[in-house]
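Architecture and fold: a report
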Amino acid sequence: MSEIRSNTRYVIDGLLKKYREKDITVGVIGLGYVGLPICLAMSSAGFRAIGFDIDRTKAEMLNIGKSYIKHIPTEAVASAMNTGRFTATSDMSRLRDVDAILICVPTPIDEHMAPDLSFVVSTCETITQYLKADQLVILESTTYPGTTREVVLPILQSSGLSVGRDIFLAFSPEREDPGNNSFSTSNIPKVVGADDEESLTLAVTLYNGFVESTVPVYSTATAEAVKITENVFRAVNIALVNELKVVFSNMGVDIWKVIEAAKTKPFGYMPFYPGPGLGGHCIPIDPFYLAWKARGLGQETRFIELAGHINRAMPARVVATLTEALSHRAKKSLNGSRILIIGLAYKKNIDDTRESPALELIELLEARGANVDYHDPHVPEIPQTREHARLAGRKSRTWDAAVFASDFDAVLIATDHDGLDYVELAAACSIVVDTRNACARSGADMSSVVPA
């Protein structure tokens, strides 16, 4: 515990009263897939929220009531703006005006699979310029256990303000699932951790004001480990089912039928599904934060690293399956073939392309001499990315199964968006390599379909 000011109990009681009455302004730094939903949830619950983003265009769009994230309706943004409780800005000096600060910035990995905390560090350095007594700072960005205490706390205390005495610090991992209509920011239980009682009490009180339930834990490292554990669990199980897909395929067994039958067991089994690789921020990246941290402690993380190896190998396996299908069914080489990829987002029914295996598939196919195009109703144009910068600006082809059949030698389903006519696609095209079981689920004629 930090040494507490003699009047801290009085200060905390006053702050708690303001938090409970929602008479505070909360700043959210980073208006992406995590930060924007938090702003909307808080303003809907009665808090004043200021969203901060270095991208001025985002702030300008929000301030005129428009959304730039497809699964977040413009109507929701406009409604929040109309309450007068939500505004957006790229002016970081307005951090002086807030009582609590939530950090929702990216935490990628570098080319050596090591954590890149540059966004967290630069954000904390900016906050320190405007930090004032009694402010609460909460990190939401997913990271390895120890980050809040070892990285964030020293930067904030360089201001001369002491955590647990003058200011307060907590960690609460985001649990967003873009495109999931059953769960949103407000009804997903919120894990909250802090290293002193005062910070934890304030943070829990804040979240209790706009989420249905909170799960307090008594250290920031524990809260950080919760998020890593959730994502490692998914990464390992997806790797397992991807490996089973390869093994069962060689035995003439359909993995999708196996999963459908296995999940009828009411205990001891949870279904996970294979695919062309991992996408999104959480599963492909976050487990390597723990692996990196463990290596620094002389510990091995063999399950995590093996799962990563299996999952990262899936795009190459898909390309091999496509190559074989072209050779056997069309007597064509991949080199010079015309390939259409269906679905660019990393999962169905959203526009999020972060770490999408479809982008990796394009790169691999073009490196082998194929000419690649794509169709995705949610991604009309490939956005700028660090890993696949050369693909930026390419535009989605209009859906027309007959044109696809004449223009392309093969179709590769990478993302199984709802609303696409997979029956029509399979009937029109001579080779459809399906990594998501979309055609079989749709009842399509499978004579042209190659599972992958």
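Per chain, the residues get numbers from 1 upward, laid out in the order the sequence is written. Predicted model: local features are reported for residues with pLDDT of at least 70 only, side-chain atom pairs are reported and counted for 80 or more only, and whole-chain, interface and lining totals are derived from all residues. Excluded from the side-chain calculation are hydrogens and water; included are all heavy atoms of the structure.

The next subject is the pairing of strand β5 (residues 136-139). When accessible area is computed with a 1.4 Å probe and restricted to protein chains, residues below 20% of their type maximum are described as buried, those above 50% as exposed, and intermediate ones as partly exposed. A helix here means a DSSP run of H or I that spans at least four residues, while a strand means a run of E at least two residues long, and both kinds are numbered starting from the N terminus. With burial as the criterion, each face of β5 is covered, one bearing Leu 136 and Ile 138 and the other bearing Val 137 and Leu 139. Taken together, strand β4 (residues 100-103), helix α5 (residues 118-130) and β5 form a β-α-β motif whose crossover is right-handed. Relative to strand β6 (residues 168-171), β5 is paired through 4 bridges, and the arrangement is parallel. Note that in β6 the partner of Leu 136 across the bridge is Phe 168. Running through helix α6 (residues 147-157), the crossover from β5 to the neighbouring parallel element β6 is right-handed. Here is how to tell: hold the view so the strands point away, follow the path from the first strand over the helix to the second, and if it runs clockwise the crossover is right-handed. At least two DSSP bridges between two strands are needed for those strands to be called paired.

The parallel open sheet is built from 5 strands, whose spatial order is β10-β9-β11-β12-β13. Of all the strands in the sheet, just β10 (371-375) and β13 (449-451) have a single pairing partner and so form its edges. The average undirected angle you get between the axes of adjacent strands in this sheet is 25 degrees. Direction of pairing for strand β12 (residues 432-434) relative to β13: parallel, over a ladder of 3 bridges. Paired with Val 433 across the two strands is Val 450, which belongs to β13. Residue contacts follow a heavy-atom distance rule, with two residues in contact if any of their heavy atoms lie within 4.5 Å. Interaxial angles span 0 to 180 degrees and are taken between N-to-C directions of axes, which are lines fitted to C-alpha atoms, for helices over the stretch in contact. Seen against the sheet, helix α11 (residues 302-330) touches β9 (338-342), β11 (410-413), β12 and β13 and runs at an angle of roughly 145 degrees to β13. The strands touched by helix α12 (residues 357-367) are β9, β10 and β11; relative to β9, the strand with the most contacts, the crossing angle is about 175 degrees.

Salt bridge, as used here: a side-chain nitrogen of Lys or Arg that lies within 4 Å of a carboxyl oxygen of Asp or Glu. Considering all chains together, one arrives at 26 salt bridges under this definition. Between Glu 150 and Lys 293 there is a salt bridge, and its shortest N-O distance comes to 3.0 Å. Of this pair, Glu 150 sits in helix α6 while Lys 293 sits in helix α10 (residues 282-296); the two residues are 143 residues apart in sequence, bridging distant segments of the chain. Glu 150 sits in the partly exposed class, given a relative accessible area of 44%. A salt bridge links Arg 165 to Asp 166; the nearest nitrogen and oxygen atoms lie 3.2 Å apart. You can call Arg 165 partly exposed: its relative accessible area is 28%. The class for Asp 166 is buried, based on a relative accessible area of 11%. One continuous salt-bridge network, built from bridges that share partners, spans Glu 363, Glu 366, Arg 390 and Arg 394.

On to the packing of aromatic side chains, then. Side-chain rings of Phe, Tyr and Trp, where Trp is taken by its six-membered ring, are said to pair if the distance between their centres is within 6.5 Å; with planes under 30 degrees apart they count as stacked, over 60 as edge-to-face, and otherwise as tilted. In this structure the tally under the stated criterion is 8 aromatic pairs. Their ring planes at 45 degrees and their centres at 5.6 Å tell us that Tyr 207 and Phe 210 sit as a pair that is tilted. Each member of the pair, Tyr 207 as well as Phe 210, is classed as buried. With 5.5 Å between their ring centres and 85 degrees between their planes, Trp 399 and Phe 404 make a pair best called edge-to-face. Members of the aromatic cluster, connected to one another through ring pairs, are Phe 47, Tyr 207 and Phe 210.

So, about α10. Relative to the 21 Å expected for 15 residues at 1.5 Å per residue, α10 spans 22 Å between its end C-alpha atoms, a close match to the ideal helical length. Summarising burial for α10: 11 of the 15 residues are buried, a large majority. Turning to α10, its buried residues are Cys 282, Ile 283, Pro 284, Ile 285, Asp 286, Pro 287, Phe 288, Tyr 289, Ala 291, Lys 293 and Ala 294. In this fold, the buried residues of α10 make contact with α6, α8 (220-250) and α11. Looking one or two residues past α10, Gly 298 carries a phi angle of roughly 75 degrees, positive in sign. Expected span, for any helix, means 1.5 Å times one less than how many residues it has.

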